[in-house]
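Coordinate analysis (summary)
Chain by chain, the residues:
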Amino acid sequence: MQDDNHISRRKFMEELRRYQKGSVSRRHFLGVTGLGTAMAVMATAVPALRPRPAFAQGDIGNRVVLATWPNYHDPENFETFTDETGAFVQVNVFGSNEEMLARLLAGGSGWDVFVPTNYTISTYVDEDLIEPLDLSLLPNYDRSAFDARFADAGIIDGTVYAVPKNWGTTGFAVNTSYLGGTPITTWREFWDRTMTDFSRRTMVHDYQLTTIGNALKYFGYSFNSVDPAELADAERLLLDAKPHLFAIVSDIQPAMRSGDAWLSMAWTGDGKQLNTDHPEIAYLLGREGGELWSDYYAIPKDTQRRAAAYALINHLIDPAVNAREVLAHGYPTADARTNALLPPEMLNDPILYPAQELLDALEFAAAVTLTDPNRAELLARFKSA
Amino acid sequence: MTRRERTWLLVLPAAIWFLFFLVLPLTVVLVFSFGERGTAGGYVPAFTFEQYASLPSRLTAFKNTLILAPLGTLAALVIAYPLAYQLAVRTSPRWKTFLLVLVILPFWTSILIRSYAWIVILGGQGLPAILASFGLEDVRLIYTPTAVTIGIIYGYLPLMVFPIFVSLDRLDKRLLEASSDLGARPFATFRQVTLPLSVPGMATGCLLVFILLMGEFLIPALLGGGRVYFVGNALVDLFIQSRNWPFGSAMAVTLIAVMLVTVTLYMRLVGRLSARQDSASVM
């Protein structure tokens, strides 16, 4: 939403009355008030405000609920969807896959589309929480266009349960002005420097997968290990490092931007956004490896608006729409059709597309890390220590 | 309709409310606390004391809460009392309403947004930068227990100010005149008349703040940066991260039990305190 479209309270009420009386269109109303997506919430609360014209795709209902991650979409793409179908997109933002699973397990989430990460999909299938996708309702999905590495996790026993959204890596962001000439290139160095010259300046995620996984990499173990002896080593390292940490948070950008923290675990998009605004903050991958991930669109079994769910996914994976998404959030896509529409400097960005040898060392998270009670308990002990 | 029937009819809505929103949920929590975690998380029916047996692993969370909740309550009391006193006793009626509105004003915005504001204020570019310009270098505030304490005092101060204000505002001014007529100096009057008569207000304020603080999770999560861990934070993690609902329920039941004990002890203490004052004022 543009800030220059400011409108006075009185003017707003006038426009609202005009709209209610039907003398202006919804589009005009949204335009002059600059309400955009905010209208979605209001419209669901005040259904009488909403006229119901006919749409090309038929009536898919008046709204669709999307559960996704922060800073992960171009709001304008939701508006075009609403214009084309009459369904408002209501966005719920989440912080972890664990939280998404907890909501779906509890039932009555009210979601129509959500964005799970690769390693969680088999659990959703086992728990009977997501539905096999009817590909005839997703004409924009073309399996051959996707890099198999980032599309396979959505296909289980030959059935497509989820279609690829974006992929990325988990590395670290470091403020290079404090490196003192000695770079950090590995997770071993990440943790060692945390306990020496970066003491009280390092942040780790409030997320078992990455914090435990990258502690496991210190010892050269797999990012995905659930071996009790290896987890015990990781726990010892985490407890040793804890007094030296600045914070255990997943929202790392504010402290990196203010200069309070100098080093932090980070995802591709955080790294890219920080580097764009503060060139002295670099985004790097540990040489020993770490996480490679891929997000997907999926539909929960208990959706109340199935047609709208399919329509939204189909809209968002349209290559032209998807290219606008990528330009807005800065996460790479595995869709060759979309990449063909992106500027070359984006496709050559080393933060988005790391060197092959760095990429080769990365691992996809394993399903067991999501359900293993020991990893969850370990993080809780680390946080409460 | 008899008088008895009418009474029942009037009590019915409240009774239904209590049944559905207090008794039933608490029963669910109690039943869950004896269950087991499913493979993907959630609840599987069982009858085991395993969850209660693993409570010691969250001892630090209980310890942090049991230290910071009374401390925060006390700090809020010490800061709120003079403020409430000024408002109730020293301020002209014309200003009183205006100043009271200022006290409530923060409640017009969600605590989440106000806590985010504190992240900026306590962050390196905020208060520490101002302190540095006065020569106090390298003060670290955000993501420390100090930041959590500041956030708690800020967030709970109005809850403490109001009950104390009310008890001081209703204070019979003739008692103060009587006290000074009998030769008491202002401080003696305050100590022997005003303070004892405001005990009910202080007691209510402390109880209100303490109970809410015991379940606090937002302020430690945002201002403590995951390094200050309360029972509330442990509960949030158990329910939405590790999805260990039975263990979370066992912890919730334990928290309720701890609260019942502390609040009962507190009420007894307050009761004894005011009883002593009553007998003292008779003498």
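All values derive from a computational prediction rather than experimental measurement.

Let's talk about the overall build of chain A
In terms of helices and strands, chain A carries 18 helices and 12 strands. Residue burial in chain A is summarised as follows: out of 385 residues, 46% are buried. If you take every contact in chain A between residues at least 6 apart in sequence, the share linking residues at least 24 apart comes to 77%.

What about the overall build of chain B?
Along the backbone of chain B there are 13 helices and 0 strands. Along chain B, from the amino end to the carboxyl end, the secondary structure elements read α-α-α-α-α-α-α-α-α-α-α-α-α. With the C-alpha coordinates aligned to their principal axes, the bounding extent of chain B is approximately 75 × 75 × 35 Å. Per-residue burial over chain B gives 33% buried out of 283 residues. Summarising the internal contacts of chain B: among those between residues at least 6 apart in sequence, 72% fall at separations of at least 24.

A word on the interface of chain A and chain B
Counting residues at the interface gives 28 residues for chain A, matched by 27 residues for chain B. The biggest single contributor to the side of chain A that touches chain B is helix α18 (residues 373-384) of chain A, with 7 residues. Considering only residue class, the side of chain A that touches chain B consists of 14 nonpolar, 6 polar and 8 charged.

Quick word on the environment of B:T7
Residue and element names in this part refer to chain B. Inspection of the secondary structure puts T7 in helix α1 (residues 3-32). The exposed category is assigned to T7, around which 10 C-beta atoms lie within 10 Å. Taking the C-alpha atoms as reference points, T7 and G126, 119 residues apart in sequence, are found 58 Å from one another.

Quick notes on helix α7 (residues 187-194) of chain A
Note: α-helices contain 3.6 residues per turn, so residues at a spacing of three or four share the same orientation. Residue and element names in this part refer to chain A. Those residues of α7 lying buried are W187, F190, W191, R193 and T194. For α7, the angular spread of the buried residues around the axis is 165°, confining them to a single face. For α7, the elements touching its buried residues are β6 (163-175), β7 (202-204), α8 (208-216), α9 (228-241), β9 (263-267) and β11 (290-297).

Looking at the sheet that holds strand β2 (residues 88-93) of chain A
Residue and element names in this part refer to chain A. Ordered by their spatial adjacency, 3 strands build an open sheet running β2-β1-β3, and the pairing between neighbours is parallel. Each having just a single partner strand, β2 and β3 (113-114) make up the two edges of the open sheet. Inspection of the sheet shows strand β1 (residues 63-68) paired to β3 by 2 bridges, in the parallel sense. Counted as the bridge partner of A67 is F114 from β3. Sitting on the sheet, helix α12 (residues 306-316) is in contact with β1, β2 and β3, with an inclination near 60° to β1.

So, the nonpolar core
Judged by nonpolar contacts, the single largest core of 153 residues is most densely connected at A:V113, A:M203, A:A298 and A:L312. Looking at which element gives the most residues to this core, the answer is helix α7 (residues 145-169) of chain B, with 12 residues. Composition of this core by domain shows at least three residues from each of domain 1 (3-167 + 294-344) and domain 2 (168-292 + 353-384) of chain A. Once residues within four sequence positions are removed from consideration, A:V113 is found in contact with A:V64, A:L66, A:Y297, A:I299, A:A309, A:L312 and A:I313.

Topic: the domain arrangement of chain A
With domains assigned, chain A is organised as domain 1 (3-167 + 294-344) and domain 2 (168-292 + 353-384). Here the side of domain 1 of chain A that touches domain 2 of chain A is built from residues that sort into 5 nonpolar, 11 polar and no charged.

Focus on the confidence of the model for chain A
Residue and element names in this part refer to chain A. For chain A, the average pLDDT comes to 88, and 85% of its residues sit at 70 or higher. Helix α3 (residues 38-45) is the least confidently modelled element of chain A, averaging 45 in pLDDT, while α7 averages 98, the highest of any element. A low-confidence stretch, residues 1-5 stays under pLDDT 50, and its non-local contacts, those more than four residues away or across chains, total 5 contacts. Low pLDDT (under 50) marks residues 32-50, which in the prediction has 31 contacts with non-local residues, meaning those over four places away or in another chain.

Some thoughts on the environment of A:L138
Residues and elements named next belong to chain A. As for its placement among the helices and strands, L138 is situated in the loop between α6 (121-126) and β4 (155-156). On the basis of neighbour counts, which here come to 17 C-beta atoms within 10 Å, the residue L138 falls in the partly exposed class. Each C-alpha atom, one on L138 and one on Y310, is 6.6 Å from the other, the two residues being 172 residues apart in sequence. When sequence neighbours within four positions are dropped, the list of residues in contact with L138 reads L133, V163, Y310, I313 and N314.

Overview of the pairing of β9(A)
Residues and elements named next belong to chain A. With 5 of its 5 residues buried, β9 lies for the most part within the structure. Burial of the side chains of β9 extends over both faces: L263, M265 and W267 are buried on one face and S264 and A266 on the other. With 5 bridges joining them, β6 and β9 adopt antiparallel strand pairing. The residue bridging V174 from the neighbouring strand is L263, located in β9.

Quick look at the environment of B:L99
All names here are of chain B. Structurally, L99 is set in helix α4 (residues 93-104). Assessed through the 12 C-beta atoms surrounding it within 10 Å, L99 is described here as exposed. Taking the C-alpha atoms as reference points, L99 and L87, separated by 12 residues in sequence, lie 7.5 Å from one another.

So, unusual backbone geometry
Not every positive phi belongs to a glycine, and A:R200 is a case in point at roughly 65°. Looking at the element boundaries, A:R200 is found in the loop between α7 and β7. For B:D138, which is not glycine, the phi dihedral falls at a positive 55°. Following the sequence through the fold, B:D138 ends up in the loop between α6 (127-133) and α7.

Brief notes about the packing of α9(A) against α18(A)
Residue and element names in this part refer to chain A. Here α9 crosses α18 at 20°, and the two axes come no closer than 10 Å. The angle between α9 and α18 places the two elements in the roughly parallel class. Here α9 and α18 pass one another in a crossing that is right-handed. Of the residues in α18, those touching α9 at P228, L231, E235, L238 and L239 are N374, R375, L378, R381 and F382.

Thoughts on the pairing of β2(A)
All names here are of chain A. As defined by bridge partners, β1 adjoins β2 across 6 bridges and the pair is classed as parallel. Across the sheet, residue V65 finds its bridge partner in β2, namely Q90. Taken together, β1, helix α4 (residues 75-85) and β2 form a β-α-β motif whose crossover is right-handed.

Considerations on helix α5 (residues 111-122) of chain B
Spanning 12 residues, α5(B) covers 16 Å between terminal C-alpha atoms, matching the ideal 16 Å at 1.5 Å per step. Inspection of α5(B) places B:W118, B:I119 and B:L122 among the buried residues, and these make up the whole buried set. For α5(B), the angular spread of the buried residues around the axis is 110°, confining them to a single face. Tucked inside the fold, the buried residues of α5(B) contact α10 (253-258) of chain A together with α6, α7 and α11 (218-223) of chain B.

Definitions and limits used
- Residues numbered from 1 in each chain as written.
- Chains lettered and ligands numbered in written order.
- Predicted model: local features only at pLDDT ≥ 70, side-chain atom pairs only at ≥ 80, totals over all residues.
- Helix = DSSP H or I, 4+ residues; strand = E, 2+ residues; numbered from the N terminus.
- Buried ≥ 20, exposed ≤ 12 C-beta atoms within 10 Å, placed from the backbone.
- Contact = placed C-beta atoms within 7 Å.
- Nonpolar A, V, L, I, M, F, W, Y, C, P; charged D, E, K, R; others polar.
- Arc of directions from axis to C-beta.
- Pairing = 2+ DSSP bridges.
- Axes fitted to C-alpha atoms, helices over the stretch in contact; angles between N-to-C directions.
- Core = buried A, V, L, I, M, F, W, Y, C linked by C-beta atoms within 7 Å.
- Domains from an automatic or database assignment.
- pLDDT = per-residue confidence, 0-100.
- Parallel < 35°, antiparallel > 145°, perpendicular 65-115°, else oblique.
- Left-handed = near helix turned anticlockwise from the far one by under 90°.
- Right-handed = clockwise from strand over helix to strand, strands pointing away.
- Expected span 1.5 Å × (residues − 1).

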